[in-house]
Amino acid sequence: MAADQHGGALYRVNAPHQHSRVTYAELFFDLVFVFAVTQISHTLLAHFTPLGVLQTTLLFLAVWWVWVYTSWVTNWLNPEKTPVRILLFALMLGGLVVSTSIPQAFESRGLWFAVAYASMQVGKTVFLWLSTPPSRPAARMNAIRITAWLSLSAVFWIAGGFTEGQSRLLLWAVALGIEYCSAAARFWIPKYGASQVADWVVEGGHMAERFALFVIIALGESIVVTGATFAELTWTVETVGAFASSFVGALAMWWIYFHKGAEAGSEQISRSSEPGRLARIAYTYLHMPIVAGIIVAAVADELVLKHPGGHSDLKTVLSAIGGPLLFLLGTILFKHIIRGFLQLSHGAGIIALGILAGFAGDMSPLLLSILTTAIMVIVAAWESISLKSAGPGSHSDAAST
């Protein structure tokens with residue numbers, strides 16, 4: 001999967017110490033995933049049962065993985081080249097089918113979801129394979145390895161589309177398991193073995209920017225959901241309070257992730273001797289709970305806006321506590337990989353949310369929302385003050401691992 005300067009007319013030319021920008025074609029492609037994230041949050045809200053949460057989680061993992069694979073491919077290939085741009089546009093069409101199928105994916109549109117998803121995954125990998133010249137044997141072999149894994153998972157996706165109920169859930173879980181294990185196994189295949197991490201050369205600045213943009217997508221979706229819900233309600237003191245709490249909560253999440261973390265991640269992966277390994281751990285895997293936390297928090301915001309009074313039911317407690325908790329777990333692990341130490345502010349926030357969960361059922365949804373938002377604001381302020389006072393290179397806001 002190397003993306004050096006030699007060979008491969010469709011590959012990016014990676015110059016030393018030069019950041020490859022995210023192209024307009026990639027940003028256009030991401031618009032589909034704004035819709036996909038909205039569909040996932042609405043589906044979770046409509047099916048907030050143990051089975052519904054499990055199904056929605058599986059759909060989220062699928063959407064995340066198809067976007068991740070596309071981001072890796074466009075990190076190697078140049079979207080300014082017409083064939084690569086056409087590939088992205090074809091993937092946009094597939095992404096729209098996947099997104100529109102999400103609400104009924106475990107009902108009448110399962111086959112549509114499976115065929116569109118599998119076609120996107122296998123199709124772009126075959127394109128990468130065919131775009132890699134024989135003069136780049138390691139990159140070509142890795143494309144073959146990825147194609148083999150995704151073709152195997154496609155069998156289970158399609159088979160699940162033809163079944164119903166628990167069988168579909170099981171088959172799709174197997175398909176996802178194959179795909180998520182593939183990168184960890186470095187795409188091992190019989191006879192040819194696994195790829196070398198040294199072959200996973202990525203343009204670090206571009207990779208970091210792509211994932212930061214997905215965080216923006218998730219935060220933007222939460223603001224859209226909040227605004228749309230608030231616009232339809234009668235504006236009372238409670239609804240205005242809920243609206244303000246959700247907005248400040250989104251700002252706190254942005255601050256926690258972008259104030260230092262995103263920039264540090266870009267710098268670290270750009271300097272890393274093994275950018276592929278860092279990209280796989282810090283971005284491919286550890287950004288999942290970050291994005292999932294934002295989506296779950298958006299569900300909580302809508303629940304609180306619609307029912308700010310009374311006692312918080314289990315659905316409200318789980319989403320109001322679970323969203324920020326997932327987000328902080330993801331960010332503390334991400335920043336640990338990037339900076340080499342655990343953020344004390346994030347750990348304190350996780351503990352505070354855990355304590356709050358014990359009393360959340362006795363609170364009104366509005367009070368619960370205000371308190372979770374306050375915890376996130378304190379985490380953001382704590383980290384900012386600690387890093388500013390400590391100066392460059394200091395680990396004052398740290399806990400030992």
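Before reading on, note that the structure itself is shown above.
(A) The packing of aromatic side chains, seen in detail. By the definition in use, this model includes 27 aromatic pairs. For the cation-ring pair, Arg 21 lies above Tyr 24, with the distance from its terminal atom to the ring centre recorded as 5.5 Å. In this structure, Arg 136 is placed above the aromatic ring of Tyr 11, and the distance from its NZ or CZ to the ring centre is 3.8 Å.

(B) Looking closely at helix α13 (residues 344-357). Relative to the 20 Å expected for 14 residues at 1.5 Å per residue, α13 spans 20 Å between its end C-alpha atoms, a close match to the ideal helical length. Considered for burial, the residues of α13 that qualify are Ser 345, His 346, Gly 349, Ile 350, Leu 353 and Leu 356. Along the axis of α13, the buried positions cluster into a sector of 140°, meaning they face one direction only. Across α13 from its buried face, at more than 90 degrees, point the exposed residues Ile 351 and Ile 355.

(C) Molecular detail of the pattern of salt bridges. This structure, assessed with the given rule, holds 8 salt bridges. With a shortest N-O distance of 3.2 Å, Arg 339 and Glu 383 are connected by a salt bridge. With Arg 339 in helix α12 (residues 314-339) and Glu 383 in helix α14 (residues 365-390), this residue pair connects regions lying 44 residues apart in the sequence. Salt bridges sharing common partners tie together Arg 12, Glu 26, Asp 30 and Arg 210.

(D) Expanded view of the side chain of Ser 312. On the secondary structure map, Ser 312 appears in the loop between α11 (287-306) and α12. What makes Ser 312 buried here is its relative accessible area of 8%. Ignoring sequence-local partners within four residues, the contact set of Ser 312 consists of Val 317, Ala 360, Gly 361, Met 363, Ser 364, Pro 365 and Leu 368.

(E) Region of interest: a nonpolar patch on the surface. Side chains of Ile 223, Phe 247, Val 248, Leu 251 and Val 377 sit close together on the surface and give an oily, nonpolar patch of about 380 Å² of accessible area. Secondary-structure assignment places Leu 251 in helix α8 (residues 237-258).

Thresholds, definitions, all that
- Residues numbered from 1 in each chain as written.
- Predicted model: local features only at pLDDT ≥ 70, side-chain atom pairs only at ≥ 80, totals over all residues.
- Heavy atoms only, no water.
- Phe/Tyr/Trp six-rings, centres within 6.5 Å; stacked < 30°, edge-to-face > 60°.
- Lys NZ or Arg CZ within 6 Å of the ring centre and 35° of its normal.
- Helix = DSSP H or I, 4+ residues; strand = E, 2+ residues; numbered from the N terminus.
- Expected span 1.5 Å × (residues − 1).
- Buried < 20%, exposed > 50% of the residue type's maximum accessible area, 1.4 Å probe, protein only.
- Arc of directions from axis to C-beta.
- Salt bridge = Lys/Arg side-chain N within 4 Å of Asp/Glu carboxyl O.
- Contact = heavy atoms within 4.5 Å.
- Patch = residues over 30% accessible without salt bridge, like charges linked within 9 Å, V, L, I, M, F, W, Y side chains within 5 Å.
- Areas by Shrake-Rupley, 256 points an atom, 1.4 Å probe, with all protein chains shown as cover.

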